[in-house]
Amino acid sequence: MRFVWAATMAAFLAFPVAAQTPVERGRYLVESIAGCGNCHTPQGPNGPILGRALSGGPPMVEGKLFTAQPSNLTPDRETGLGRYTDAELKVMIREGRRPDGSLIGPPMPFNFYRGMADADVDAIIAYLRTVPSVRSAMPKSVYNIPLPPAWTPPITEPITAPPRTDKVAYGGYLAGPLGHCLECHTPMGPDGRFQFDTMLGAGGMKFDGPWGISVSKNITSDEETGLGRWSDAEIERAIRMGVDRHGRQLMPPMGYAYYARMSGEDMSALIAFLRTLPPRKAP
Ligand code: HEC
Ligand code: HEC
(Lines give C-alpha, C1' and ligand atoms only; values in the text may rest on other atoms or scores of the structure.)
(Ligands and ions follow the chains in the order given, each with its own letter.)
Protein backbone atom coordinates (compact mmCIF):
# COMPACT_ATOMS: atom_id res chain seq x y z
CA MET A 1 0.00 0.00 0.00
CA ARG A 2 2.68 2.43 1.05
CA PHE A 3 4.54 1.84 -2.22
CA VAL A 4 1.48 2.71 -4.26
CA TRP A 5 1.04 6.02 -2.47
CA ALA A 6 4.73 6.85 -2.70
CA ALA A 7 4.81 6.20 -6.43
CA THR A 8 1.74 8.32 -7.12
CA MET A 9 3.05 11.05 -4.88
CA ALA A 10 6.31 11.23 -6.82
CA ALA A 11 4.32 11.44 -10.04
CA PHE A 12 2.33 14.37 -8.67
CA LEU A 13 5.26 16.24 -7.24
CA ALA A 14 7.10 15.93 -10.53
CA PHE A 15 4.21 17.63 -12.28
CA PRO A 16 4.66 21.33 -13.09
CA VAL A 17 1.53 23.17 -11.93
CA ALA A 18 1.54 25.64 -14.83
CA ALA A 19 1.25 22.90 -17.43
CA GLN A 20 -1.90 21.34 -15.94
CA THR A 21 -4.94 20.76 -18.13
CA PRO A 22 -8.36 20.93 -16.39
CA VAL A 23 -8.49 17.11 -16.17
CA GLU A 24 -5.04 17.03 -14.55
CA ARG A 25 -5.99 19.82 -12.16
CA GLY A 26 -9.21 17.94 -11.30
CA ARG A 27 -7.29 14.74 -10.69
CA TYR A 28 -4.83 16.52 -8.45
CA LEU A 29 -7.65 18.06 -6.39
CA VAL A 30 -9.78 14.91 -6.10
CA GLU A 31 -6.79 12.73 -5.20
CA SER A 32 -5.14 15.16 -2.79
CA ILE A 33 -6.60 18.13 -0.90
CA ALA A 34 -10.30 17.49 -1.73
CA GLY A 35 -10.00 13.74 -1.08
CA CYS A 36 -13.51 12.97 -2.39
CA GLY A 37 -12.62 9.27 -2.26
CA ASN A 38 -12.12 9.45 1.50
CA CYS A 39 -15.93 9.32 1.66
CA HIS A 40 -16.85 8.11 -1.84
CA THR A 41 -14.51 5.09 -2.34
CA PRO A 42 -15.55 1.68 -0.97
CA GLN A 43 -13.42 0.29 1.87
CA GLY A 44 -12.21 -3.28 2.21
CA PRO A 45 -10.43 -4.89 5.15
CA ASN A 46 -7.12 -3.46 3.85
CA GLY A 47 -8.27 0.09 3.13
CA PRO A 48 -9.80 1.70 0.05
CA ILE A 49 -10.66 -0.62 -2.85
CA LEU A 50 -8.79 1.30 -5.53
CA GLY A 51 -10.08 -0.83 -8.43
CA ARG A 52 -13.52 0.57 -7.59
CA ALA A 53 -12.39 4.09 -6.69
CA LEU A 54 -15.15 6.69 -6.24
CA SER A 55 -17.94 4.16 -6.87
CA GLY A 56 -19.68 4.83 -3.54
CA GLY A 57 -18.34 4.69 0.02
CA PRO A 58 -19.35 2.87 3.18
CA PRO A 59 -22.41 4.22 5.02
CA MET A 60 -21.72 7.12 7.39
CA VAL A 61 -23.82 6.70 10.52
CA GLU A 62 -24.50 9.62 12.85
CA GLY A 63 -26.35 8.04 15.77
CA LYS A 64 -30.07 8.08 15.11
CA LEU A 65 -29.82 11.29 13.11
CA PHE A 66 -28.82 9.83 9.77
CA THR A 67 -27.24 7.04 7.78
CA ALA A 68 -25.71 8.68 4.72
CA GLN A 69 -24.55 6.74 1.66
CA PRO A 70 -21.77 8.51 -0.25
CA SER A 71 -22.82 8.22 -3.91
CA ASN A 72 -21.23 6.59 -6.92
CA LEU A 73 -19.22 9.40 -8.59
CA THR A 74 -18.03 7.35 -11.60
CA PRO A 75 -19.50 8.07 -15.06
CA ASP A 76 -21.91 5.07 -15.06
CA ARG A 77 -25.17 6.31 -16.60
CA GLU A 78 -27.59 4.44 -14.36
CA THR A 79 -25.88 4.33 -10.99
CA GLY A 80 -23.25 7.10 -11.24
CA LEU A 81 -22.96 10.68 -12.48
CA GLY A 82 -23.36 9.87 -16.21
CA ARG A 83 -26.96 11.03 -16.16
CA TYR A 84 -26.11 14.60 -15.08
CA THR A 85 -24.85 17.50 -17.19
CA ASP A 86 -21.75 19.48 -16.16
CA ALA A 87 -23.94 22.42 -15.13
CA GLU A 88 -26.11 20.16 -12.96
CA LEU A 89 -23.05 18.64 -11.29
CA LYS A 90 -21.65 22.06 -10.54
CA VAL A 91 -24.80 22.94 -8.57
CA MET A 92 -24.80 19.53 -6.89
CA ILE A 93 -21.19 19.81 -5.69
CA ARG A 94 -21.23 23.44 -4.53
CA GLU A 95 -24.85 24.03 -3.56
CA GLY A 96 -25.98 20.50 -2.66
CA ARG A 97 -29.04 20.55 -4.85
CA ARG A 98 -30.00 17.87 -7.40
CA PRO A 99 -31.73 18.77 -10.69
CA ASP A 100 -35.07 17.51 -9.27
CA GLY A 101 -34.74 20.13 -6.48
CA SER A 102 -34.01 17.63 -3.70
CA LEU A 103 -31.13 18.44 -1.34
CA ILE A 104 -28.00 16.33 -0.96
CA GLY A 105 -27.51 15.65 2.74
CA PRO A 106 -24.64 15.84 5.22
CA PRO A 107 -21.84 15.13 5.73
CA MET A 108 -21.09 16.32 2.16
CA PRO A 109 -19.31 19.55 3.25
CA PHE A 110 -21.44 22.27 1.64
CA ASN A 111 -20.48 24.88 4.23
CA PHE A 112 -17.17 25.00 2.40
CA TYR A 113 -17.70 23.59 -1.10
CA ARG A 114 -19.87 26.60 -1.92
CA GLY A 115 -16.64 28.64 -1.99
CA MET A 116 -14.90 26.48 -4.62
CA ALA A 117 -13.67 28.50 -7.59
CA ASP A 118 -15.48 27.93 -10.90
CA ALA A 119 -12.27 26.73 -12.56
CA ASP A 120 -11.67 24.17 -9.79
CA VAL A 121 -15.18 22.73 -9.65
CA ASP A 122 -15.16 22.55 -13.47
CA ALA A 123 -11.81 20.74 -13.32
CA ILE A 124 -13.15 18.26 -10.74
CA ILE A 125 -16.14 17.50 -12.96
CA ALA A 126 -13.90 17.13 -16.04
CA TYR A 127 -11.77 14.62 -14.11
CA LEU A 128 -14.74 12.66 -12.74
CA ARG A 129 -15.87 12.15 -16.39
CA THR A 130 -12.60 10.27 -17.05
CA VAL A 131 -12.46 7.81 -14.13
CA PRO A 132 -13.29 4.15 -14.88
CA SER A 133 -17.04 3.62 -14.88
CA VAL A 134 -18.25 1.27 -12.14
CA ARG A 135 -21.81 0.00 -11.99
CA SER A 136 -22.80 0.14 -8.35
CA ALA A 137 -26.23 1.14 -7.11
CA MET A 138 -25.93 2.62 -3.63
CA PRO A 139 -28.75 2.30 -1.10
CA LYS A 140 -30.59 5.55 -0.38
CA SER A 141 -29.40 7.73 2.49
CA VAL A 142 -31.81 7.96 5.42
CA TYR A 143 -32.11 11.30 7.23
CA ASN A 144 -34.24 11.41 10.36
CA ILE A 145 -33.53 15.11 10.73
CA PRO A 146 -35.21 17.70 8.56
CA LEU A 147 -32.83 19.12 5.95
CA PRO A 148 -33.00 22.90 5.50
CA PRO A 149 -34.89 24.26 2.47
CA ALA A 150 -31.47 25.05 0.89
CA TRP A 151 -27.80 24.95 1.95
CA THR A 152 -26.86 28.22 0.32
CA PRO A 153 -28.53 30.87 -1.77
CA PRO A 154 -27.99 30.05 -5.47
CA ILE A 155 -24.52 31.04 -6.70
CA THR A 156 -24.98 33.71 -9.36
CA GLU A 157 -21.60 35.48 -9.38
CA PRO A 158 -18.31 34.08 -10.71
CA ILE A 159 -16.01 32.63 -8.01
CA THR A 160 -12.23 32.77 -8.38
CA ALA A 161 -9.52 31.37 -6.10
CA PRO A 162 -7.22 33.82 -4.26
CA PRO A 163 -3.90 34.30 -6.10
CA ARG A 164 -1.17 31.85 -5.09
CA THR A 165 1.13 34.82 -4.50
CA ASP A 166 -1.06 35.62 -1.46
CA LYS A 167 0.13 32.55 0.41
CA VAL A 168 -2.08 32.89 3.51
CA ALA A 169 -5.23 33.58 1.48
CA TYR A 170 -4.52 30.65 -0.83
CA GLY A 171 -3.83 28.45 2.22
CA GLY A 172 -7.23 29.49 3.58
CA TYR A 173 -8.79 28.45 0.29
CA LEU A 174 -7.14 25.02 0.68
CA ALA A 175 -8.22 24.64 4.34
CA GLY A 176 -11.79 25.76 3.60
CA PRO A 177 -13.43 25.40 0.18
CA LEU A 178 -11.11 22.71 -1.20
CA GLY A 179 -10.17 20.64 1.84
CA HIS A 180 -12.87 21.39 4.45
CA CYS A 181 -10.23 20.94 7.19
CA LEU A 182 -12.10 23.61 9.12
CA GLU A 183 -15.36 21.66 9.08
CA CYS A 184 -13.95 18.61 10.85
CA HIS A 185 -11.83 20.79 13.12
CA THR A 186 -14.53 23.20 14.36
CA PRO A 187 -16.86 22.11 17.18
CA MET A 188 -20.64 22.32 16.99
CA GLY A 189 -22.57 24.31 19.57
CA PRO A 190 -25.49 23.00 21.64
CA ASP A 191 -27.77 24.09 18.77
CA GLY A 192 -26.04 21.62 16.45
CA ARG A 193 -24.48 24.42 14.38
CA PHE A 194 -20.77 24.78 13.65
CA GLN A 195 -19.18 27.52 15.75
CA PHE A 196 -17.21 29.01 12.86
CA ASP A 197 -17.37 32.53 14.31
CA THR A 198 -16.10 31.78 17.79
CA MET A 199 -14.31 28.40 17.69
CA LEU A 200 -12.79 28.14 14.21
CA GLY A 201 -10.22 25.31 14.23
CA ALA A 202 -10.59 24.50 17.94
CA GLY A 203 -11.29 20.78 17.30
CA GLY A 204 -13.46 18.61 19.51
CA MET A 205 -15.66 16.89 16.92
CA LYS A 206 -16.17 13.16 17.61
CA PHE A 207 -15.99 10.56 14.86
CA ASP A 208 -17.33 7.08 15.51
CA GLY A 209 -16.19 4.38 13.07
CA PRO A 210 -14.57 0.95 12.68
CA TRP A 211 -11.43 2.54 14.24
CA GLY A 212 -13.28 3.36 17.49
CA ILE A 213 -13.84 6.99 18.42
CA SER A 214 -11.48 9.75 17.31
CA VAL A 215 -11.77 13.40 18.30
CA SER A 216 -10.52 16.16 16.00
CA LYS A 217 -7.63 18.19 17.41
CA ASN A 218 -7.12 21.90 17.97
CA ILE A 219 -5.35 23.23 14.85
CA THR A 220 -5.35 26.91 15.88
CA SER A 221 -2.15 28.69 16.92
CA ASP A 222 -2.94 28.05 20.60
CA GLU A 223 0.35 27.17 22.33
CA GLU A 224 -1.01 24.61 24.78
CA THR A 225 -3.71 22.67 22.96
CA GLY A 226 -3.11 23.79 19.37
CA LEU A 227 -0.24 23.88 16.89
CA GLY A 228 1.45 26.99 18.36
CA ARG A 229 4.61 25.14 19.39
CA TRP A 230 4.77 22.71 16.48
CA SER A 231 7.37 23.17 13.73
CA ASP A 232 6.26 23.33 10.10
CA ALA A 233 7.81 19.89 9.56
CA GLU A 234 5.82 18.43 12.46
CA ILE A 235 2.57 19.85 11.10
CA GLU A 236 3.36 18.56 7.62
CA ARG A 237 4.09 15.08 8.97
CA ALA A 238 0.78 15.01 10.84
CA ILE A 239 -1.16 16.04 7.73
CA ARG A 240 0.63 13.81 5.22
CA MET A 241 1.49 10.77 7.33
CA GLY A 242 -0.97 10.87 10.22
CA VAL A 243 1.79 10.92 12.85
CA ASP A 244 1.56 13.50 15.63
CA ARG A 245 4.32 15.50 17.30
CA HIS A 246 4.97 12.72 19.82
CA GLY A 247 5.21 10.04 17.12
CA ARG A 248 1.72 8.72 17.86
CA GLN A 249 -0.25 7.32 14.91
CA LEU A 250 -3.39 9.39 14.28
CA MET A 251 -6.72 7.74 13.51
CA PRO A 252 -9.21 8.17 10.65
CA PRO A 253 -11.37 9.68 9.27
CA MET A 254 -8.82 12.38 8.31
CA GLY A 255 -7.63 11.46 4.78
CA TYR A 256 -3.85 11.42 5.39
CA ALA A 257 -3.15 9.27 2.30
CA TYR A 258 -4.84 11.92 0.12
CA TYR A 259 -3.02 14.84 1.71
CA ALA A 260 0.26 12.93 1.22
CA ARG A 261 -0.10 13.84 -2.46
CA MET A 262 -0.39 17.61 -1.98
CA SER A 263 2.29 19.64 -3.73
CA GLY A 264 4.99 21.21 -1.57
CA GLU A 265 3.74 24.66 -2.57
CA ASP A 266 0.18 23.90 -1.44
CA MET A 267 1.38 22.35 1.84
CA SER A 268 3.45 25.42 2.61
CA ALA A 269 0.48 27.75 1.93
CA LEU A 270 -1.81 25.57 4.06
CA ILE A 271 0.59 25.69 7.02
CA ALA A 272 1.09 29.46 6.61
CA PHE A 273 -2.69 29.83 6.89
CA LEU A 274 -2.99 27.56 9.96
CA ARG A 275 -0.43 29.78 11.71
CA THR A 276 -2.84 32.71 11.37
CA LEU A 277 -5.79 30.99 13.09
CA PRO A 278 -6.33 32.92 16.34
CA PRO A 279 -5.73 30.75 19.43
CA ARG A 280 -8.92 29.06 20.65
CA LYS A 281 -9.60 26.36 23.18
CA ALA A 282 -12.47 23.94 22.72
CA PRO A 283 -14.69 23.86 25.83
C1 HEC B 1 -17.26 13.93 4.36
C2 HEC B 1 -17.70 12.98 3.36
C3 HEC B 1 -17.80 13.47 1.92
C4 HEC B 1 -16.84 14.11 1.16
C5 HEC B 1 -15.43 14.53 1.58
C6 HEC B 1 -17.39 14.28 -0.15
N7 HEC B 1 -18.65 13.78 -0.20
FE8 HEC B 1 -19.91 13.83 -1.81
N9 HEC B 1 -21.40 12.99 -0.69
C10 HEC B 1 -21.26 12.51 0.60
C11 HEC B 1 -22.50 11.87 1.00
C12 HEC B 1 -22.77 11.21 2.34
C13 HEC B 1 -23.40 11.99 -0.09
C14 HEC B 1 -24.84 11.46 -0.20
C15 HEC B 1 -25.80 12.42 0.44
C16 HEC B 1 -27.25 12.06 0.19
O17 HEC B 1 -27.55 10.90 -0.11
O18 HEC B 1 -28.10 12.96 0.25
C19 HEC B 1 -22.67 12.70 -1.13
C20 HEC B 1 -23.22 13.05 -2.37
C21 HEC B 1 -22.51 13.59 -3.43
C22 HEC B 1 -23.08 13.90 -4.73
C23 HEC B 1 -24.54 13.67 -5.13
C24 HEC B 1 -24.66 12.48 -6.04
C25 HEC B 1 -26.09 12.09 -6.36
O26 HEC B 1 -26.25 11.30 -7.30
O27 HEC B 1 -27.02 12.53 -5.67
C28 HEC B 1 -22.06 14.40 -5.50
C29 HEC B 1 -22.13 14.85 -6.95
C30 HEC B 1 -20.87 14.40 -4.67
N31 HEC B 1 -21.17 13.91 -3.42
C32 HEC B 1 -19.61 14.80 -5.11
C33 HEC B 1 -18.50 14.93 -4.29
C34 HEC B 1 -17.22 15.45 -4.73
C35 HEC B 1 -16.88 15.86 -6.15
C36 HEC B 1 -16.40 15.47 -3.63
C37 HEC B 1 -14.98 16.00 -3.53
C38 HEC B 1 -14.76 17.35 -4.03
C39 HEC B 1 -17.17 14.96 -2.51
N40 HEC B 1 -18.42 14.63 -2.95
C41 HEC B 1 -16.70 14.85 -1.21
C42 HEC B 1 -20.14 12.63 1.40
C43 HEC B 1 -18.95 13.26 1.04
C1 HEC C 1 -12.99 14.06 8.18
C2 HEC C 1 -12.53 14.92 9.29
C3 HEC C 1 -11.20 15.60 9.16
C4 HEC C 1 -10.71 16.36 8.10
C5 HEC C 1 -11.39 16.67 6.78
C6 HEC C 1 -9.44 16.85 8.52
N7 HEC C 1 -9.12 16.40 9.77
FE8 HEC C 1 -7.38 16.78 10.77
N9 HEC C 1 -7.92 15.45 12.21
C10 HEC C 1 -9.16 14.83 12.32
C11 HEC C 1 -9.16 14.00 13.51
C12 HEC C 1 -10.34 13.16 14.01
C13 HEC C 1 -7.88 14.11 14.10
C14 HEC C 1 -7.38 13.43 15.38
C15 HEC C 1 -7.02 11.98 15.12
C16 HEC C 1 -6.50 11.26 16.35
O17 HEC C 1 -6.40 11.88 17.42
O18 HEC C 1 -6.17 10.07 16.24
C19 HEC C 1 -7.13 15.04 13.26
C20 HEC C 1 -5.81 15.45 13.50
C21 HEC C 1 -5.15 16.48 12.84
C22 HEC C 1 -3.84 16.99 13.20
C23 HEC C 1 -2.96 16.51 14.34
C24 HEC C 1 -3.07 17.46 15.51
C25 HEC C 1 -2.63 16.89 16.82
O26 HEC C 1 -2.65 17.65 17.82
O27 HEC C 1 -2.28 15.69 16.92
C28 HEC C 1 -3.58 18.04 12.34
C29 HEC C 1 -2.34 18.93 12.31
C30 HEC C 1 -4.71 18.15 11.43
N31 HEC C 1 -5.64 17.18 11.76
C32 HEC C 1 -4.83 19.09 10.43
C33 HEC C 1 -5.78 19.00 9.40
C34 HEC C 1 -5.73 19.76 8.17
C35 HEC C 1 -4.73 20.84 7.85
C36 HEC C 1 -6.77 19.32 7.39
C37 HEC C 1 -7.12 19.71 5.98
C38 HEC C 1 -6.08 19.52 4.98
C39 HEC C 1 -7.50 18.32 8.16
N40 HEC C 1 -6.87 18.14 9.37
C41 HEC C 1 -8.64 17.68 7.72
C42 HEC C 1 -10.23 14.99 11.44
C43 HEC C 1 -10.17 15.62 10.20
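Keep in mind that what you see is a predicted model, and the values were worked out from it rather than measured.

S.K.: Break down the nonpolar core for me, citing the residues and quoting the values.
M.R.: Across soluble globular proteins, you tend to see nonpolar side chains buried next to one another. Core analysis: the largest hydrophobic core is formed by 49 residues, its most contacted members being L270 and L274. If one sorts the elements of this core by residue count, helix α12 (residues 264-274) sits on top with six residues. When residues of this core are assigned to domains, at least three map to each of domain 1 (17-160) and domain 2 (162-283). When sequence neighbours within four positions are dropped, the list of residues in contact with L274 reads I219, S221, L227, I235 and I239.

S.K.: Could you give an account of the pairing of strand β7 (residues 212-215), naming the residues involved and the relevant values?
M.R.: Across four bridges, the pairing between strand β6 (residues 206-209) and β7 is antiparallel. The residue of β7 that forms the bridge with F207 is S214. Linking β6 back to β7 in an antiparallel pair, the connection comprises two residues.

S.K.: So what about unusual backbone geometry? Which residues, and what values?
M.R.: Note that the residue after P106, namely P107, is joined by a cis bond; omega there is 5 degrees. Relative to the assigned elements, P107 resides in the loop between α4 (86-95) and α5 (110-113). With an omega dihedral of 10 degrees, the bond running from P252 to P253 counts as a cis peptide bond. By secondary structure assignment, the location of P253 is in the loop between α10 (232-241) and α11 (256-259). In this structure, L54 is a non-glycine residue whose phi angle is positive, near 65 degrees. Mapped onto the elements, L54 comes out in the loop between β2 (47-48) and β3 (60-62).

S.K.: Can you break down the site of ligand 1 residue by residue, with the values?
M.R.: As a structural note, the neighbourhood of ligand 1 is formed by 24 residues, with C36, C39, H40, M108 and S141 the closest of them. In the model, an oxygen atom of ligand 1 is placed 3.5 Å from a nitrogen or oxygen of the Y84 side chain. Among the secondary structure elements, those contributing two or more residues to the shell around ligand 1 are α3 (37-40), α4 and α6 (118-128). For the shell around ligand 1, the class distribution of residues is 17 nonpolar, six polar and one charged.

S.K.: Before we move on, could you go through the sheet that holds strand β4 (residues 66-68) and cite the residues and values that matter?
M.R.: Spatially, the three strands line up as an open sheet ordered β3-β4-β5, and their pairing is antiparallel. With one partner strand each, in any of the chains shown, β3 and β5 (142-143) form the two edges of the open sheet. As defined by bridge partners, β4 adjoins β5 across two bridges and the pair is classed as antiparallel. The partner of F66 across the bridge, within β5, is Y143.

S.K.: Hey, could you go over the coordination of the iron atom of ligand 1 for me, with residue numbers and the actual values?
M.R.: Looking at the iron atom of ligand 1, one finds its protein donor set to be H40 (NE2) and M108 (SD), positioned 2.0 to 2.2 Å from the metal centre. Overall, the relative accessible area of 23% leaves M108 in the partly exposed class.

S.K.: Let's hear about the site of ligand 2: which residues, and what values?
M.R.: The local shell around ligand 2 holds 24 residues, among which C181, C184, H185, M251 and M254 are the closest. R248 is positioned with one of its side-chain polar atoms (N or O) 3.4 Å from an oxygen atom of ligand 2. Within the backbone of M251, one N or O atom sits 2.7 Å away from an oxygen atom of ligand 2. Breaking the shell around ligand 2 down by element, the ones donating at least two residues are α8 (181-184), β7, α10, α11 and α12. Here the residues of the shell around ligand 2 sort into 17 nonpolar, four polar and three charged.

S.K.: Explain the environment of P58 to me, using residue names and the numbers behind them.
M.R.: By the secondary structure assignment, P58 is in the loop between β2 and β3. Measuring from C-alpha to C-alpha, the distance between P58 and M92 comes to 20 Å, with 34 residues separating the pair along the chain. With residues near it in sequence (within four places) discarded, P58 still touches C39, T41, P42, Q43, A68 and P70.

Procedures and definitions
Residues numbered from 1 in each chain as written. Chains lettered and ligands numbered in written order. Predicted model: local features only at pLDDT ≥ 70, side-chain atom pairs only at ≥ 80, totals over all residues. Heavy atoms only, no water. Core = buried A, V, L, I, M, F, W, Y, C linked by side-chain atoms within 4.5 Å. Buried < 20%, exposed > 50% of the residue type's maximum accessible area, 1.4 Å probe, protein only. Helix = DSSP H or I, 4+ residues; strand = E, 2+ residues; numbered from the N terminus. Domains from an automatic or database assignment. Contact = heavy atoms within 4.5 Å. Pairing = 2+ DSSP bridges. Near = heavy atom within 4 Å. Polar contact = N/O pair within 3.5 Å; in protein donor to acceptor, adjacent residues only side chain to side chain. Nonpolar A, V, L, I, M, F, W, Y, C, P; charged D, E, K, R; others polar. Donors = N, O, S within 2.8 Å, 3.2 Å for Na, K, Ca; no water.

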